[in-house]
Amino acid sequence: MQTATPPATDPRQYDYAVEGPRQSQLWAQRYILFLQDVTAVFDGFKALDIADLGIGHNELRVVVGPNGAGKTTMCDVISGLTKPTTGKVYFNGGEITGQDETLIAQQGVGRKFQIPNVFDSLSVWENMLLALPNPAQGIGSKDHLRKLDPRISGPGGLAMLRFFKHCQTVGGKATPEARDRIHDILTRVRLIDDLHTPAKSLSHGQRQWLAISSLILASPKLLLVDEPAAGLTDAETALTAELLLELKDEHTIICIEHDMEFVRQLDSRVTVLNEGQVLAEGTLDQVQSDEAVIEAYLGR
Ligand SMILES: Nc1ncnc2c1ncn2[C@@H]1O[C@H](COP(=O)(O)OP(=O)(O)OP(=O)(O)O)[C@@H](O)[C@H]1O
């Protein structure tokens, strides 16, 4: 008698494109992000070649790898900055492959680049107001403001500041809810005592946290964070690890990092990329004792 094959429980055994409708619940339950057979090829050079990679809900995943391993390219593909040459990217139960960066951001992918994206001449509070996602909550998002006046996208910080002040008077103030949320976030990242400090007077670590805070305002489901500990003091590094671990309660986080001491503090699952491929996955101790990983790092 023929026995029915038991259903596979590992979503990686399915071709999502075919099985998606049937398995979508399973996938969506397991992973908020899934990359399947994703490549990114530049002028014949394969910078990324990921067979499969799944990131669970509310997971903090650290991605390490030697220079040129494909870490940034992977984040570019997830956030829509680079279109994958082949393969599929699934986010929050749907396919986002090749979608525009803005559309992907709207679906809940936030990204903090290595150099924090903050407006130097504006205070912490003003930077947060500018980052409000919904114009109804305040004076509007950066994109909204850029549409209103092209000066804001120019390099002139002063012109932007004048425009910002103008908007504040004609566009109304943030709603009480938005103000409360800004206060909550800034308290969490220890910037509440610097509300009126211009961003240019903050320490490097504080600027990193202001950039992350303005991203969090939009409540992204997935945060891509590029080298948050680069250039930080030991105390700032420890605080950054603590804060990222706190954020995990509300967001899934992918953190690219080189600083192994910081990675140890994050105490999270590590993916090692090398030559565009996933070379190893596991705890930091597991990947650090992996022969292939040692070879990849020493071989450079
Ligand atoms: N737009 C592009 N055109 C051509 N080659 C590219 C492009 N983007 C990335 N590459 C190449 O792809 C490879 C992977 O680069 P990527 O920046 O993703 O590595 P990385 O792991 O982030 O490195 P690092 O740790 O040095 O930042 C590198 O060899 C890089 O030169």
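This structure is a prediction, so every number in the text was calculated from the model and none was measured.

A. Geometry of helix α9 (residues 234–247). Taking 1.5 Å of rise per residue, the 14 residues of α9 would be expected to cover 20 Å, and the 20 Å separating its terminal C-alpha atoms lies within 8% of that figure. Of the surrounding elements, those touching the buried residues of α9 are β3 (60–64), α8 (204–216), β8 (252–256) and α10 (260–266).

B. Seen up close, the confidence of the model for the chain. Per-residue confidence for the chain gives a mean pLDDT of 82, with 76% of residues at or over 70. Counting contacts from residues 1–8, a segment whose pLDDT is below 50, to residues more than four positions away or on other chains yields one contact. Here residues 148–153 is a poorly scored stretch, pLDDT under 50, and it has ten contacts once near neighbours within four places are set aside; other chains count. Reported confidence for the predicted complex is 0.96 by ipTM and 0.82 by pTM.

C. Up close: unusual backbone geometry. Although it is not a glycine, Asp 43 adopts a positive phi angle of roughly 50°. Residue placement: Asp 43 occurs in the loop between β1 (31–42) and β2 (45–56). Overall, Asp 43 belongs to the exposed group, with 5 C-beta atoms counted inside 10 Å. For Glu 227, which is not glycine, the phi dihedral falls at a positive 45°. Structurally, the position occupied by Glu 227 is in the loop between β7 (222–226) and α9.

D. Focus on the site of the ligand. All residues in the neighbourhood of the ligand are listed as Phe 42, Phe 45, Ala 47, Gly 65, Asn 67, Gly 68, Ala 69, Gly 70, Lys 71, Thr 72 and Thr 73. Among the secondary structure elements, those contributing two or more residues to the shell around the ligand are β2 and α2 (71–79). Counting residues per element, the shell around the ligand draws most heavily on α2, which supplies three residues. Its residues placed into classes, the shell around the ligand shows four nonpolar, six polar and one charged.

E. Region of the structure containing the sheet that holds strand β9 (residues 270–274). As summarised here, the arrangement of the six strands in space is β6-β7-β8-β3-β9-β10, forming an open sheet in which the pairing is mixed. Both outer strands of the open sheet, β6 (109–112) and β10 (277–282), are each paired with one neighbouring strand and no more. Each strand axis lies, on average, 20° off the axis of its neighbour in the sheet, ignoring direction. For β7 and β8, the ladder comprises five bridges, and the chain directions are parallel. Paired with Val 225 across the strands is Cys 255, a residue of β8.

F. Here's a closer look at the sheet that holds strand β4 (residues 86–91). Strand order in this open sheet of four strands is β2-β1-β4-β5, and the pairing throughout is antiparallel. Looking along the sheet, the strands with just one partner apiece sit at the ends: β2 and β5 (94–95). As defined by bridge partners, β1 adjoins β2 across ten bridges and the pair is classed as antiparallel. The residue bridging Val 38 from the neighbouring strand is Ile 50, located in β2. Across the face of the sheet, α2 comes into contact with β1, β2 and β4 while running at roughly 65° to β2.

Conventions adopted
- Residues numbered from 1 in each chain as written.
- Predicted model: local features only at pLDDT ≥ 70, side-chain atom pairs only at ≥ 80, totals over all residues.
- Helix = DSSP H or I, 4+ residues; strand = E, 2+ residues; numbered from the N terminus.
- Expected span 1.5 Å × (residues − 1).
- Contact = placed C-beta atoms within 7 Å.
- pLDDT = per-residue confidence, 0-100.
- Buried ≥ 20, exposed ≤ 12 C-beta atoms within 10 Å, placed from the backbone.
- Near = placed C-beta within 6 Å.
- Nonpolar A, V, L, I, M, F, W, Y, C, P; charged D, E, K, R; others polar.
- Pairing = 2+ DSSP bridges.
- Axes fitted to C-alpha atoms, helices over the stretch in contact; angles between N-to-C directions.

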